[in-house]
Number of protein chains: 2
Amino acid sequence: MQISELAETTGVPLPTVKFYLREGLLPKGTPVSATRSEYGNGHQDRIRLITALTAIPGLPIARMREILGVVDNWDDYGVVDAMGAAVAALPPYADHPPPAGTDLEFPLAREAIAALGLSYDPAYPATQQLDAAIRALTQAGLDWSPTVAARYRSALAPLAAEELAPISGMDDQQAVGYAVLGTALYEPIILAIRRLLHRDVAERTALSPPDPATGNTA
Amino acid sequence: MQISELAETTGVPLPTVKFYLREGLLPKGTPVSATRSEYGNGHQDRIRLITALTAIPGLPIARMREILGVVDNWDDYGVVDAMGAAVAALPPYADHPPPAGTDLEFPLAREAIAALGLSYDPAYPATQQLDAAIRALTQAGLDWSPTVAARYRSALAPLAAEELAPISGMDDQQAVGYAVLGTALYEPIILAIRRLLHRDVAERTALSPPDPATGNTA
């Protein structure tokens, strides 16, 4: 199909399709004349994936290119490592990423990951994220201990397993794309629902007796 | 005590204490001469709270001032509403906040909140956050339904109750500060542990058989 049909069938405006081409997010078509190229179903699928990725808040174009590179070359990694590499390109990004080749060591995360019964990999970005999060918590005087860690594991382990269940019905390349989108796009859902639940808990436990004048708890 | 002792006892550098005073985060001391003021235990507690709040990624000074205003005036709100107002000042912030006085309507969040058995309040920021998150999910073609919503509720409801449990032993002003810090500082913990669990699930379910040449799953 021509580029105009590619735009129409995917519902993406033509200038946006051209932008994806220029940015190297979408592979060039097959030239059929000096001014025309031919595009196929693979281009439609890629545009759908790019469109889905644009829904991720805070994802720069350069990182999107990195994710698409992993999706394209997943069989160089193996599917599990490809999912890891693609998820690693998602925000949040460390303020001070260690220089390449540094021996990374995250002692707070190491201890927590041991308590959680998971395997410690300092090169996996979530390890550094956990380390920074624990440091901020404890600096603020909030509780962090193997007991607290276990509370988060109990809540999140069944969820993580259910979230990944659809992958068993996908081919490997789809699985990598799904892992990235699912990781990024259910995160804000989790945070919003948790805040709504906190409010509900606070209201239901009625921390103080209601004020008869206003009906508010005070 | 003098300002220098306030800095020493809290472990915060004197220029930082002066910055907190200038920014109106820390109330002025009681003047005892033209050049000296006297500070008390309340100032120490406030500096500890400010230090804890500085651990929250992406919290601007103006929002910190807003949170401290709610902590100071919690009894104008009642403790539950004060906790809600303080948490509402945390990131993430809407890209396009509706003008004040607008009738807010978030149909996706309204439907989800009904499915979750929670009460719908369009003025509570987590409602708008949930609405935007559901829109991004569905635009990207990911699954969202009452069944999926229930999965997140089952995982998060017991967690939310446990997270708020310590509040019953606090006075109301402490409770407001704790709600803000706990909401913000356990969020990155949740996201990092979820990503580590995903990787663990992917590895354990061994999506494809291992490649005998490399030992990697491929």
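Because the structure is predicted, anything quoted here is derived from the model rather than measured. (Residues numbered from 1 in each chain as written. Chains lettered and ligands numbered in written order. Predicted model: local features only at pLDDT ≥ 70, side-chain atom pairs only at ≥ 80, totals over all residues. Heavy atoms only, no water.)

J.: Just checking my understanding: could you explain the pattern of salt bridges for this structure?
T.: Oppositely charged side chains are able to pair whenever their charged atoms sit close together. Under the criterion given, the structure shown has 24 salt bridges over all chains. A salt bridge links Arg-46 of chain A to Asp-72 of chain A, with the nearest nitrogen and oxygen atoms 2.3 Å apart. Residue Arg-46 of chain A is located in helix H3 (residues 41-53), and its partner Asp-72 of chain A is located in helix H4 (residues 61-72); the two are separated by 26 residues in the primary sequence. Residue Arg-195 of chain B pairs with Glu-187 of chain A through a salt bridge whose shortest N-O separation is 2.9 Å. Placement of the pair is Arg-195 of chain B in helix H10 (residues 172-205) and Glu-187 of chain A in helix H10 (residues 172-205), with the two residues belonging to separate chains. Glu-187 of chain A carries the same exposure label as Arg-195 of chain B, and that label is buried. When salt bridges that share partners are traced, they join Glu-163 and Glu-187 of chain A together with Arg-194 and Arg-195 of chain B into one network. (Salt bridge = Lys/Arg side-chain N within 4 Å of Asp/Glu carboxyl O. Helix = DSSP H or I, 4+ residues; strand = E, 2+ residues; numbered from the N terminus. Buried < 20%, exposed > 50% of the residue type's maximum accessible area, 1.4 Å probe, protein only.)

J.: Honestly, the relation of the copies chain B and chain A in this entry has me stumped. Any pointers?
T.: The operation relating the two chain copies consists of a rotation about an axis and a shift along that axis. At an RMSD of 0.0 Å, chain B and chain A line up after a rotation of 180° and a shift of 0.0 Å along the axis. Taken together, the rotation and translation relating the two chain copies correspond to the operation of a two-fold axis. Every residue of chain B has its C-alpha some distance from the rotation axis, and the shortest such distance is that of Ala-155 of chain B, at 2.5 Å. (Least-squares fit on C-alpha atoms with pLDDT ≥ 70 in both.)

J.: Can you help me understand the confidence of the model for chain A in this one?
T.: In low-pLDDT segments, the atomic positions of the prediction should not be examined closely. Confidence in the prediction of chain A, expressed as mean pLDDT, is 88, and 90% of residues score 70 or more. For this predicted complex, the interface score ipTM comes out at 0.86, while the overall pTM is 0.86. (pLDDT = per-residue confidence, 0-100.)

J.: Would you mind showing me how to read the environment of Leu-59 of chain A here?
T.: Residues and elements named next belong to chain A. Within the fold, Leu-59 resides in the loop between H3 and H4. On the basis of relative accessible area, Leu-59 is assigned to the buried category, the value being 12%. Spatially, the C-alpha atoms of Leu-59 and Tyr-93 are 9.9 Å apart, while their sequence positions differ by 34 residues. With sequence-adjacent residues up to four places away left out, Leu-59 is seen in contact with Leu-53, Met-64, Ile-67, Ala-89, Leu-90, Pro-91 and Tyr-93. (Contact = heavy atoms within 4.5 Å.)

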